[in-house]
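Listed below, chain by chain, are the residues.
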Amino acid sequence: MVTMNAVVLDEWGGSLDVAEVEHPGPGPGEVLVDVRACGVTRTIENAVQGGLSDDPALTPRIPGHEAAGVVAETGDGVPDWTPGDRVLAYFYLTCGRCDRCRRGHQNQCVNFDGWLGVQREGAYAEYASVPARNLLPLPDGASFAEGAVASDGLATPLHVCERTGVDDTDTVLVVGAAGRIGIHLAQLAANRGAHVLAADVDDDRLAHVDDLTSDDVTPIDARGGDFAERAREATRFGEGPTVAVDTVGDLDTVRAAWDALAMGGDLVTLTTHHERSFAPQLADFVVKEASVVGSRYATMDQVVRAARLLADDRVDADYTTTVGLDGVADYHAALRVGETHGMGVLEP
Ligand SMILES: [Zn+2]
């Protein structure tokens, strides 16, 4: 048996261990990717804990989806890819045929079939066999690690900015600004001309945001009951943020972000805590003409454009740690207790 090394999760919420597993030859319609980089992130930690699916039939499982690599081999019926092509992975397993897919909204596929690294083997491995439809071209000039950052950590913020039309008329409040979504969103919104209030809850994390971003990004402390008032006061004319993006899912800060909004503002929610809900008064929507906007991952086009932004040095990829397969479990342990700054990248 031809084998490879991979990080295998024994059961949802269980342990991550390096193991020698069968080499995944590409089936029909699939492409074997030589994985060069894969983000090790809170999204994957959520999947590891069973937050996306806890179906025991899906384990043992190789997690990981924020991946970039090189095409090693193509299965039958894959005319579009050739060995040697540099590629990026798309996280969602989509149909490519429904109205939403055909219109370019793959993140809204009505035949959504799950996630890479959950319903099928992911990229915490030397090789991954993925549906050809899930591969996108990694732009020239983007490193593999930048591809790993683009595939979710920058594509998701790009989707937020395009959902809400962020431009130079906006003040954007980012809650959880030191996380990988937050820090890339802060940069992106500033690039589009917005003034950005980058909120987080820890002095080291706020200093990290300040180091990595331009003068158009103002760090603010999200701790304390007067956060809404401080966020409003930190805007240029005290009018409040026109766009507030919650990347955390803490209900106190979601409420504060909603209260801080400017007239006509948008509150964007990005988290998927099933058990948490937020119910503003109906009058709040009308009096401020405010909106709550859900934002779900990104389109395939946005994933590629996110990688181009990194290749062109228009956004700095915030990855601070590189690990091998044997470092993945420890990095997940650090993610679990919130001890990481920036993003970790696996280079198998
Ligand atoms: Zn579809």
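Residues numbered from 1 in each chain as written. Predicted model: local features only at pLDDT ≥ 70, side-chain atom pairs only at ≥ 80, totals over all residues. Heavy atoms only, no water.

**What to know about the coordination of the zinc ion**
Binding of the zinc ion to the protein goes through Cys 95 (SG), Cys 98 (SG), Cys 101 (SG) and Cys 109 (SG), at separations of 2.3 to 2.4 Å. Its four donor atoms give the zinc ion angles of 102 to 120° at the centre, a pattern that matches the tetrahedral case. If you list the donors of the zinc ion from N- to C-terminus, the spacing comes out as C-x2-C-x2-C-x7-C. Owing to a relative accessible area of 6%, Cys 101 belongs among the buried residues under this scheme. (Donors = N, O, S within 2.8 Å, 3.2 Å for Na, K, Ca; no water. Tetrahedral: all angles 85-135°; square planar, octahedral: opposite > 155°, others 65-115°. Buried < 20%, exposed > 50% of the residue type's maximum accessible area, 1.4 Å probe, protein only.)

**Things to note about the packing of aromatic side chains**
Ring pairs (aromatic) are described by centroid distance and by the angle formed between their planes. Inspection of every chain in the model, using the stated rule, returns nine aromatic pairs. Between Trp 258 and Phe 278, the ring centres sit 6.0 Å apart and the planes meet at 80°, which makes this aromatic pair edge-to-face. Placement of the pair is Trp 258 in helix H7 (residues 251-260) and Phe 278 in the loop between strand S12 (266-269) and helix H8 (282-288), with a sequence separation of 20 residues. An aromatic cluster is built from Tyr 90, Phe 91, Tyr 92, Phe 112, Trp 115 and Tyr 297, whose rings are joined through pairwise contacts. (Phe/Tyr/Trp six-rings, centres within 6.5 Å; stacked < 30°, edge-to-face > 60°. Helix = DSSP H or I, 4+ residues; strand = E, 2+ residues; numbered from the N terminus.)

**Notes on unusual backbone geometry**
In the segment running from Thr 59 into Pro 60, the intervening peptide bond is cis, with an omega of -5°. By the element assignment, Pro 60 lies in the loop between helix H1 (42-48) and strand S4 (67-74). A positive phi angle is found at Glu 289, which is not glycine, with a value near 45°. Looking at where Glu 289 falls in the secondary structure, it is placed in the loop between H8 and strand S13 (291-294). Its identity as a non-glycine residue notwithstanding, Asp 313 has a phi of 60°, on the positive side.

**Section: the sheet that holds S13**
On the basis of which strands lie adjacent, the open sheet formed by six strands has the order S10-S9-S8-S11-S12-S13 and parallel pairing. Two strands bound the open sheet, and with one partner strand each, they are strand S10 (217-221) and S13. With strand direction ignored, the average angle separating the axes of adjacent strands in the sheet is 20°. Sheet topology note: the strand S8 (residues 171-175)/strand S9 (residues 195-200) ladder contains five bridges and is parallel. Within S9, the residue paired with Val 174 across the bridge is Ala 198. Along the sheet face, helix H5 (residues 203-212) touches S9 and S10 and points at about 175° away from the line of S10. (Pairing = 2+ DSSP bridges. Axes fitted to C-alpha atoms, helices over the stretch in contact; angles between N-to-C directions. Contact = heavy atoms within 4.5 Å.)

**Some thoughts on the pairing of S8**
Of all five residues making up S8, five are buried, and the element is well covered by its neighbours. Burial along S8 is two-sided: the face carrying Thr 171, Leu 173 and Val 175 and the face carrying Val 172 and Val 174 are both buried. Once you follow S8 into helix H4 (residues 180-191) and on to S9, the crossover reads as right-handed. Of the strand pairs in this sheet, S8 and strand S11 (residues 243-246) are connected by four bridges, and their pairing is parallel. Residue pairing across strands places Val 172 opposite Val 243, the latter belonging to S11. (Right-handed = clockwise from strand over helix to strand, strands pointing away.)

**Side note on H7**
Among all positions of H7, only Thr 253, Val 254, Ala 256, Ala 257, Trp 258 and Ala 260 are buried. Elements that come into contact with the buried residues of H7 comprise S8, helix H6 (227-233), S11, S12, H8 and S13. The N-terminus of H7 is capped by Asp 250, whose side-chain oxygen sits 3.3 Å from the backbone nitrogen of Asp 252. (Polar contact = N/O pair within 3.5 Å; in protein donor to acceptor, adjacent residues only side chain to side chain.)

**What about the packing of helix H3 (residues 144-164) against H4?**
Interaxial distance between H3 and H4 falls to 9 Å at its minimum, and their mutual angle equals 50°. Taken together, H3 and H4 sit at an angle that is classed as oblique. Considering the relative orientation of H3 and H4, their crossing is right-handed. Residue-level inspection shows Val 149, Asp 152, Gly 153, Leu 154, Thr 156, Pro 157, Leu 158, Val 160 and Cys 161 of H3 in contact with H4, the latter providing Arg 180, Ile 181, His 184, Leu 185, Leu 188 and Ala 189. (Parallel < 35°, antiparallel > 145°, perpendicular 65-115°, else oblique. Left-handed = near helix turned anticlockwise from the far one by under 90°.)

**Considering the domain arrangement of the chain**
What the domain assignment lists for the chain is domain 1 (3-138 + 318-346) and domain 2 (157-294). Measuring from the centre of the C-alpha atoms in domain 1 to the corresponding centre in domain 2 gives 29 Å. Of the roughly 820 Å² buried where domain 1 meets domain 2, counting both sides, 43% is carbon and sulfur surface. Run the count over domain 1 and domain 2 and you get one salt bridge. Taking the shortest distance from any N to any O, the salt bridge between Glu 66 and Arg 180 comes out at 2.8 Å. Where domain 1 packs against domain 2, one counts five residue pairs in polar contact (both at pLDDT 80 or more). Considered class by class, the residues forming the side of domain 1 that touches domain 2 number one nonpolar, eight polar and two charged. (Domains from an automatic or database assignment. Buried area = accessible area lost by both parts, 1.4 Å probe. Salt bridge = Lys/Arg side-chain N within 4 Å of Asp/Glu carboxyl O. Nonpolar A, V, L, I, M, F, W, Y, C, P; charged D, E, K, R; others polar.)

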